[in-house]
Amino acid sequence: MGKKAHWMLLAMIFAMGMLLAACNGGDDGVDTDADGGTDPDSEEVEDDGGEDTGEDDGDTADAGDPVEGGSIILGLDGEIPNLLPAHVNTTQVRDVEDILHAKLYRQQADELELEPYVAEDFPEISEDGLEYVIQLRDDVYFHDGEQVTAEDVAFTVGIWLMDDYGGQTPGLFDSIDTIEATDELELTITLSEPDANMTFYLDTPIVPEHILGEYETYDELIESDYAQSDAVIGAGPYSLDEWVHGQYLTFAANDEYFGEGPYIEEITYRIAGSPDAVLAMVQSGEVDVANIRPQDVSTAETIDGYTISEVEGVNVNFMGFNHENELFQDVRVRQAIAMATDRQGIVDGIMDGHGLVSHIPHVSGGPFDGGNNTEHPYDTDAALELLAEAGWEQDGSGQLVNEDGENFSFSLITNSEAHVRGEWIVAVQDMLNQLGMNVEAETMEFNAYLERYYDGDFDMNAGAWSLGLYADPEFTYHSEMIYPEGGNMFRYADDDFDALTKDMSQIVDPDEYTQVVQDAHAFISEELPVIPMYNTLEHQAYSDRIQGYQHHSRAGLHRPEEWWVNE
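Below is a summary of the structure that appears in this document. (Residues numbered from 1 in each chain as written. Predicted model: local features only at pLDDT ≥ 70, side-chain atom pairs only at ≥ 80, totals over all residues. Heavy atoms only, no water.)

### Quick word on the packing of helix H10 (residues 331-339) against helix H12 (residues 380-389)
For the record, the criterion: A fitted line through C-alpha atoms represents every axis, and for helices the fit uses only the stretch in contact; the resulting angles, taken between N-to-C directions, go from 0 to 180 degrees. Secondary structure elements follow DSSP: runs of H or I of four or more residues count as helices, runs of E of two or more count as strands, with numbering from the N terminus. Here roughly perpendicular refers to angles of 65 to 115 degrees, roughly parallel to angles under 35, roughly antiparallel to angles over 145, and oblique to all remaining angles. The handedness criterion is simple: a crossing whose near helix is rotated anticlockwise from the far helix by less than a right angle is left-handed, and one whose near helix is rotated clockwise is right-handed. By definition in these notes, contact holds between two residues if any of their heavy atoms fall within 4.5 Å. Three residue categories are used. Nonpolar comprises Ala, Val, Leu, Ile, Met, Phe, Trp, Tyr, Cys and Pro, charged comprises Asp, Glu, Lys and Arg, and polar comprises the others, including Gly.
Where H10 contacts H12, the axes come no closer than 8 Å and their chain directions differ by 165°. Judged on the interaxial angle alone, H12 and H10 are roughly antiparallel. Crossing of H10 against H12: the hand is left-handed. Contact with H10, carried on its side by Arg 332, Val 333, Gln 335, Ala 336 and Met 339, involves Thr 380, Ala 382, Ala 383, Leu 386, Leu 387 and Glu 389 of H12 and no other residues of that element. When its residues are assigned to classes, the contact of H10 with H12 shows seven nonpolar, two polar and two charged.

### Some remarks on the side chain of Glu 562
Which entries qualify depends on this criterion: Within 3.5 Å is the distance limit for a polar contact, defined as a pair of N or O atoms, with the added protein rule that one can donate a hydrogen and the other accept it, and that residues adjacent in sequence qualify only through two side-chain atoms.
By secondary structure assignment, the location of Glu 562 is in the loop between strand S22 (549-550) and strand S23 (564-565). For Glu 562, the side chain forms a polar contact with the side chain of Gln 550, separated by 3.0 Å. Residues within four places of Glu 562 in sequence aside, it is in contact with Arg 106, Glu 260, Tyr 263, Gly 548 and Gln 550.

### Points about the sheet that holds strand S6 (residues 131-135)
How we decide: Here a strand pair is declared whenever DSSP counts at least two bridges between the two strands.
Strand order across the open sheet formed by four strands is S5-S6-S8-S7, with antiparallel pairing between neighbours. Taken across any chain shown, the strands that pair with only one partner, and hence form the sheet edges, are strand S5 (124-125) and strand S7 (176-183). Of the strands in this sheet, S7 and strand S8 (186-191) touch helix H3 (residues 150-160), which is tilted by about 165° from S7.

### A closer look at helix H2 (residues 91-100)
Stated formally: Accessible area is worked out with a 1.4 Å probe on protein chains only. A residue is then buried under 20% of its type maximum, exposed over 50%, and partly exposed in between.
For H2, the tally of buried residues reaches nine of 10 residues, placing the bulk of the element in the interior. The set of residues buried in H2 consists of Thr 91, Gln 92, Val 93, Arg 94, Asp 95, Val 96, Glu 97, Ile 99 and Leu 100. At its buried positions, H2 is contacted by strand S2 (71-76), strand S9 (238-244), strand S10 (248-253), strand S11 (266-271) and strand S19 (460-466).

### As for the packing of aromatic side chains
Centre-to-centre distance and the angle between the planes together describe a pair of aromatic rings. Our working definition: Two rings belonging to Phe, Tyr or Trp (six-membered ring only in the last case) form a pair when the distance between their centres is within 6.5 Å. Interplanar angles under 30 degrees mark stacking, angles over 60 mark edge-to-face geometry, and anything in between is tilted.
Within this structure, the stated rule accounts for 31 aromatic pairs. Taking the centre distance of 5.3 Å and the plane angle of 85° together, the rings of Phe 328 and Phe 410 count as edge-to-face. Of this pair, Phe 328 sits in the loop between strand S13 (306-321) and H10 while Phe 410 sits in strand S17 (residues 409-415), placing them 82 residues apart in sequence. No difference in accessibility class separates Phe 328 from Phe 410, as the two residues are buried. Seen in terms of ring centroids, Tyr 492 and Phe 497 are 6.3 Å apart; in terms of plane orientation they differ by 70°. Their pairing is edge-to-face. Pair check on accessibility: Tyr 492 and Phe 497 agree, each one buried.

Keep in mind that these numbers describe shape and distance, not what the molecule does.
See below:
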């Protein structure tokens, strides 16, 4: 099999696994005594949503042929702080980037696979896996009329390689030795070592070198007008017309767009500020599309003029430990906290059942679940026994103390824009306080939360991940990947895990790679560097005005350039 075909097969295998996971669905019986609860409501109804069936990756609404013109308003519950693609990597930012920018590869419309977008085809990869050659289309232009070339792609990737890079995805392109335009529309990437995920990483939005090439440092880039104002230039279906921070962003149709559409003339993203405000906008008919929290679905279903779409998500919500905190360095303590958390009760009581329990930091039952995971059932008596073994026992007042009389105290943080996480961390606080711990639940604005998360200024955090077409536990948990070297924000370090996952990204064979990921997830399910909480079900309300609507499992707002409106 040729390398190109091999990579296409790899993507298909991963996608099929995701589909199988999704088909386990919300109707699956979930053992309430097992590792209980899931929260379908991840703060980000992220690009890692889910799908209804193995054949259709989400809801669609279609009536007649597309009609050009009109406008729609999309409701967002959080701010868009920055539009430099290398900097911020949240769902809402990606939704905006998807209509503003073009990429070499993008998510397919109806499958969990990549497809060529600006690239003519998938990369031609050398037999040793070290050289990638990509041909670009010749009909792609930025909004200012300049053609998108291989130089632009090389510059874009080069932002991640800047010495002072400080974005949310460090290490993403560290395996690249050189990246250069070997012709106007030909890109050649040479790796220092094979990287099984390189093709998937190349779905990053392409930015214009002719505008940003004057900036020599990453700090200069993120402070530029390009990153923070309506000076942003992309090559996607819509151009940014006006940006008033904290209020709205307005986009105009790009008549020179090389793909299908755009049919709708103007799209406005309105910043509501909170999920409650978003729901109020739907109730008053002020927005055409909005994400709906699981606990608000029954309310949204009563609103005239809207349809509620549900797709099965491939996000996972989790609670993470800061392993530099001595409280959490004993695995028995981490296991006890998992066993004292009634996750199924959280799903049933807070999310109205709209979620699926996960025992691994990915999709349970998917391709990266080997079925040999350790479950930590809800059992407060067993949790207290583990804590006693670790040196923590209840005193006369029921407080957990160690032999020095110190209380078991810590904080659990999340961001205030999260849909239901702000609610369930309060439930977790109560559960753990009843065990004798002293837990403070804190919510804060997203940027403040991110700053503490990346700086390691937290005890425990509640967060969510979008799950891509690949899984890379090495990047997230290996000791050499502790931030800022990689994505290990938890400062987790374990010699056995390091040995298990070392250089796994260099494994090219998909079966071998999947096996290593499964083994890594089994390890994580036992040692719990994080506690998986749940996989999500995601909901959107969309106006009856909208035709051609799509709701995809891996996008908060999927291809609105292919929608149209009937006025």
